[in-house]
Amino acid sequence: MAVKNLPADTSPVSFLQGVALNLRRHMVAMARRQGAGYIAQGLGIADTLAALYFHELRYDPARPDWVGRDRFLLSTGHYSIALWAALAEAGVIPVAELDSYGADDSRLDMSTLDTTPGVEMIGGSLGHGLGQAVGMALGLRLQQSEGRVFCELSDGEMQEGATWEAAMAGASFGLDTLVALIDCNGIQADGAIVLRMEPVADKWRAFGWETTEIDGNDMAQIVNALHGARSRSGKPKAIVLRTTPGKGIPTLEHRERAHFVRVDLGEWDALARELETFHG
Amino acid sequence: MVERGRTLAMGQDETTGTRPTVEAPFGKALADVARTHDKIVGLTADLGKYTDILPFRDAHPGRFFNVGMAEQNLVAIAAGLARTGHIPFATTYGVFATRRAYDFIAIACAHSRVNVKIIAGLPGLTTGYGGTHQAIEDFGLMRLIPNLVVIDPCDATEIAQATQALADYDGPVYMRLLRGLVPVVLDPARYRFRIGVATRIREGSDIGIVSTGLMTERALDTADALARRGLSVGVLHVPTIKPFDADAVAEFAAAVGQLVTAENHVTSGGLASLVAEALFERGVARSLLRIGLPDSFVPCGSVATLQDRYGLTAPRMAAAILAARG
């Protein structure tokens, strides 16, 4: 059993920061070839994915369908650029395949389909993730499996009512192996978040979730929060991640229209240089 | 003064009173099937009592989950359970499964053939609670979803057999539910339900009725009534709306005079449309009498009154067929 990255008691923060930088490098290269994409969201969630795939999740990259694995659900399927980078870096899919992102007949679509190894659900229709995560956590508990379930969702996605249906169920069923990772990056398709979502953490606490709120681009805080979420307290866990879209590339961090980024061909070199200059 | 019909409780029975009945055939069958299928789990969205799943809950309490009034979440949780190897049977009313949870059925279940069984109560006109509760267009909605199997069983025998068939079949299914005291129309010793297979249950050549769901019972009664007038009436029972047994329909249609469809559904988008598509595709042009609900919402009232007004009873069917013959 080649289970990768068993949780360790020590927090290799600098190692994981290096992984996150690699994920960002992959994403810039993929977006450059595609010419456009949801790279701002991908850069924002990169630190969380690095911590998950290289520290927290129990899985076997050679057998992504291993039944005892932890599940990671990317509910925001349009963040796929980040998931492909993470799956490649983790060895689930070949790094060379990242070239095909968004191309015809590629497995690495702009929005996730579950036909790609390592993808646990179809994530394009927002509001679908957490309910399926509740079902998986219930299913694994029925089988007395050790497997845990991590579900990424976003602040805009919380506007979908199904999210709260699932939040009620997860707490009612006492699913303490379920972890919601809520990416609060402040943007949605029409621009800045259009409804008042705050106070986000209070909402999840009120729904019965053990909730922490952190800087989602601070690796030490991420590792610490994931460690805290291992407790078998009888409650599901919510980690509210305050992230910066475009994190690591200042030009993108300050871009107002960040939901779907189009960049001129010549500009990508400058963005790639920024990533190397400003990371950390 | 004539006593008017009254809208009864939601849990009223499906029986028409002329045949023996079985109580809660779905829940009993599911409880039985789950003794051998240990991966079966049961879910409902606050309609356990009204969808007959309580016999399963009582037999297998650790495998039953009530998710509250949340049909999108019902389907999502079922999909998650299926993705961990379970066989979820999720019950609610057809209106809520289809109209509220459509996106979840399409994407979380059907898209990747996830092994979820959706059991849909109050099909067509089987409640007097009006448009909010009557799933009059669910065939149309569900048959358009790729990969999804759609079933409308006609009686207690078929519900029991279909429940076993659903458990054995690896893939998403939408099955309509008849609940409460459900009549026995088909002989369990002779009838065998198979997904996708239509069965000729009465031979006849003057008139051929293609029927599904509870309309098959009425089609048989209609055939008896017309036989007394010297007409020979065949009945082809089509319990599976998708995949549709087009060959059986074409063969049946070729051997009868007047062709009739009978469905507990609006007459577009469902059985009649499927029959027309099947025949035209094979180059067969036939006049078709479509018995079913009109293109309108149905008001509240007693089921007996409404089914009579909307032409779903055997006497009204017989009258419609005779009128069509001129």
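### Quick notes on the pairing of strand 11 (residues 233-237) of chain B
All names here are of chain B.
Stage number 1. With five of its five residues buried, strand 11 lies for the most part within the structure.
Stage number 2. By the alternation rule, side chains of strand 11 split into Val-233, Val-235 and His-237 and Gly-234 and Leu-236, which are all buried.
Stage number 3. Examined bridge by bridge, strand 9 (residues 199-202) and strand 11 share three bridges and lie antiparallel to one another. By the bridge assignment for strand 11, Arg-200 is matched with Leu-236.

### Some words on the interface of chain A and chain B
Stage number 1. Taken together, the 20 residues of chain A in the interface contact 22 residues of chain B.
Stage number 2. Contributing elements (two or more residues each) for the side of chain A that touches chain B: helix 4 (129-142) and helix 5 (161-172) of chain A.
Stage number 3. For the side of chain A that touches chain B, the element with the most residues is helix 4 of chain A, which contributes 10 residues.

### Here's the deal with unusual backbone geometry
Stage number 1. Cis rather than trans, the peptide bond between A:Glu198 and A:Pro199 has omega equal to 0°.
Stage number 2. Cis peptide bonds are those with omega within 30 degrees of zero, and the linkage from B:Lys242 to B:Pro243 qualifies with 0°.
Stage number 3. Position of B:Pro243 among the secondary structure elements: in the loop between strand 12 (240-242) and helix 9 (246-254).
Stage number 4. A positive phi angle is found at A:Asp105, which is not glycine, with a value near 70°.
Stage number 5. Note that A:Asp105 resides in the loop between helix 3 (80-90) and helix 4.

### Section: the confidence of the model for chain B
Stage number 1. This prediction gives chain B a mean pLDDT of 96; 97% of its residues lie at or above 70.
Stage number 2. Scored as a complex, the prediction yields pTM 0.96 and ipTM 0.95.

### So, the sheet that holds strand 7 (residues 210-215) of chain A
Sheets are built from strands that pair by backbone hydrogen bonding, the pairs being arranged parallel or antiparallel.
Residue and element names in this part refer to chain A.
Stage number 1. The strand order across the open sheet formed by five strands is 2-3-4-8-7, and the pairing between neighbours is parallel. What marks the edges here is a single partner per strand, and that holds for strand 2 (71-74) and strand 7. Geometrically, the sheet is characterised by an average inter-axis angle of 20° between neighbouring strands, direction not taken into account.
Stage number 2. As paired strands, strand 7 and strand 8 (residues 237-242) are joined by six bridges and run parallel to one another. Note on strand 8: the bridge partner recorded for Thr-212 is Ile-239.

### Here's the deal with the nonpolar core
If you look at soluble globular proteins, the nonpolar side chains tend to sit buried side by side.
Stage number 1. In terms of nonpolar packing, the biggest core is built from 196 residues, with A:Ile81, A:Ala82 and B:Val75 touching the most fellow members.
Stage number 2. Per-element tally for this core: the top contributor is helix 2 (residues 39-56) of chain A, with 11 residues.
Stage number 3. If near-sequence neighbours (up to four positions away) are discounted, A:Ala82 is found in contact with A:Leu23, A:Met27, A:Gly42, A:Ile45, A:Ala46 and A:Leu49.

### Comments concerning helix 1 (residues 25-36) of chain B
Along an α-helix, a turn takes 3.6 residues, which lines up residues three or four apart on a common side.
Stage number 1. In this model helix 1 of chain B runs 18 Å from its N-terminal to its C-terminal C-alpha over 12 residues, within 8% of the 16 Å that 1.5 Å per residue would give.
Stage number 2. Among the residues of helix 1 of chain B, those classed as buried are B:Pro25, B:Phe26, B:Gly27, B:Ala29, B:Leu30, B:Ala31, B:Val33 and B:Ala34.

### Here we look at helix 5 of chain A
Stage number 1. End to end, helix 5 of chain A covers 17 Å across 12 residues, agreeing with the expected 16 Å (1.5 Å per residue, within 8%).
Stage number 2. Regarding helix 5 of chain A, the residues found buried are A:Ala162, A:Thr163, A:Glu165, A:Ala166, A:Ala167, A:Ala169, A:Gly170 and A:Ala171.
Stage number 3. Buried residues along helix 5 of chain A sit in contact with helix 4, strand 3 (149-154), strand 4 (178-184) and helix 6 (200-206) of chain A together with helix 3 (71-83) of chain B.
Stage number 4. A:Gly174 occupies a position one or two residues after helix 5 of chain A and carries a positive phi of about 60°.

### What about the domain arrangement of chain B?
It is common to report an interface's size as the accessible area lost on association of the parts.
Residue and element names in this part refer to chain B.
Stage number 1. The domain boundaries assigned to chain B delineate domain 1 (21-183) and domain 2 (199-325).
Stage number 2. Each of domain 1 and domain 2 has a C-alpha centre, and these two points are 25 Å apart.
Stage number 3. Domain 1 puts 27 residues into the contact, and the matching count from domain 2 is 28 residues.
Stage number 4. Taken together, the elements giving at least two residues each to the side of domain 1 that touches domain 2 come down to helix 6 (138-143) and strand 6 (149-151).

### Digging into the sheet that holds strand 4 (residues 87-93) of chain B
Residues and elements named next belong to chain B.
Stage number 1. Strand order across the open sheet formed by seven strands is 3-2-4-5-7-6-12, with mixed pairing between neighbours. Two strands lie at the open edges of the sheet, namely strand 3 (64-66) and strand 12, each paired on one side alone. Within the sheet, the average angular offset between the axes of one strand and its neighbour, ignoring direction, is 20°.
Stage number 2. The pairing of strand 2 (residues 40-44) with strand 3 spans three bridges and is classified as parallel. Bridging across to strand 3, Gly-42 finds its partner in Phe-64.

### Describing the environment of B:Asn115
Residue and element names in this part refer to chain B.
Stage number 1. Mapped onto the fold, Asn-115 is located in the loop between helix 5 (102-110) and strand 5 (117-121).
Stage number 2. What makes Asn-115 buried here is the crowd of 23 C-beta atoms within 10 Å.
Stage number 3. Sequence-wise, Asn-115 and Ala-246 are 131 residues apart; in three dimensions their C-alpha atoms are separated by 25 Å.
Stage number 4. Discounting chain neighbours no more than four positions away, the residues touching Asn-115 are Ala-82, Ile-87, Asp-170, Gly-171 and Pro-172.

Rules used in this analysis
Residues numbered from 1 in each chain as written. Chains lettered and ligands numbered in written order. Predicted model: local features only at pLDDT ≥ 70, side-chain atom pairs only at ≥ 80, totals over all residues. Buried ≥ 20, exposed ≤ 12 C-beta atoms within 10 Å, placed from the backbone. Helix = DSSP H or I, 4+ residues; strand = E, 2+ residues; numbered from the N terminus. Pairing = 2+ DSSP bridges. Contact = placed C-beta atoms within 7 Å. pLDDT = per-residue confidence, 0-100. Axes fitted to C-alpha atoms, helices over the stretch in contact; angles between N-to-C directions. Core = buried A, V, L, I, M, F, W, Y, C linked by C-beta atoms within 7 Å. Expected span 1.5 Å × (residues − 1). Domains from an automatic or database assignment.

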